[in-house]
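Reading the structure
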Amino acid sequence: MNGKPMRCPICGQPVAAAAPEYPFCSRRCRTQDLANWAIEAYRVPVTSDDDADGA
Ligand SMILES: [Zn+2]
């Protein structure tokens, strides 16, 4: 276990590992992330495969 709180990738707030919407702080941010993802998917796929999701 690491004690560091994850930060919401959308708004940057600390998110507890036990948060129901982890790693997002809220459902709203989760939805926003999905929206961003969808927008990116519609754009021309750029091959920048940097390891952004720390899984
Ligand atoms: Zn958030």
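The preceding data block contains the structure.
Let me begin by describing the structure that accompanies this report. A quick note: this is a predicted structure, and the numbers were derived from the prediction, not measured.

Right, let's get into the overall build of the chain. From N to C terminus, the chain includes 1 helix and 2 strands. The buried share of the chain, reckoned over its 55 residues, is 7%. For the chain, contacts bridging at least 24 residues in sequence account for 3% of all contacts bridging at least 6.

In this model helix α1 (residues 27-42) runs 23 Å from its N-terminal to its C-terminal C-alpha over 16 residues, within 8% of the 22 Å that 1.5 Å per residue would give. In terms of residue burial, α1 counts as a barely covered element, since only 0 of its 16 residues are buried.

The next subject is the environment of I10. Along the chain, I10 turns up in the loop between β1 (6-7) and β2 (14-15). Taking the number of C-beta atoms within 10 Å as the measure of exposure, I10 has 18 and is therefore partly exposed. Residues I10 and D33, 23 residues apart in the sequence, show an inter-C-alpha distance of 6.6 Å.

Cut-offs and rules
Residues numbered from 1 in each chain as written. Predicted model: local features only at pLDDT ≥ 70, side-chain atom pairs only at ≥ 80, totals over all residues. Helix = DSSP H or I, 4+ residues; strand = E, 2+ residues; numbered from the N terminus. Buried ≥ 20, exposed ≤ 12 C-beta atoms within 10 Å, placed from the backbone. Contact = placed C-beta atoms within 7 Å. Expected span 1.5 Å × (residues − 1).

Geometric values such as these leave the question of function open.
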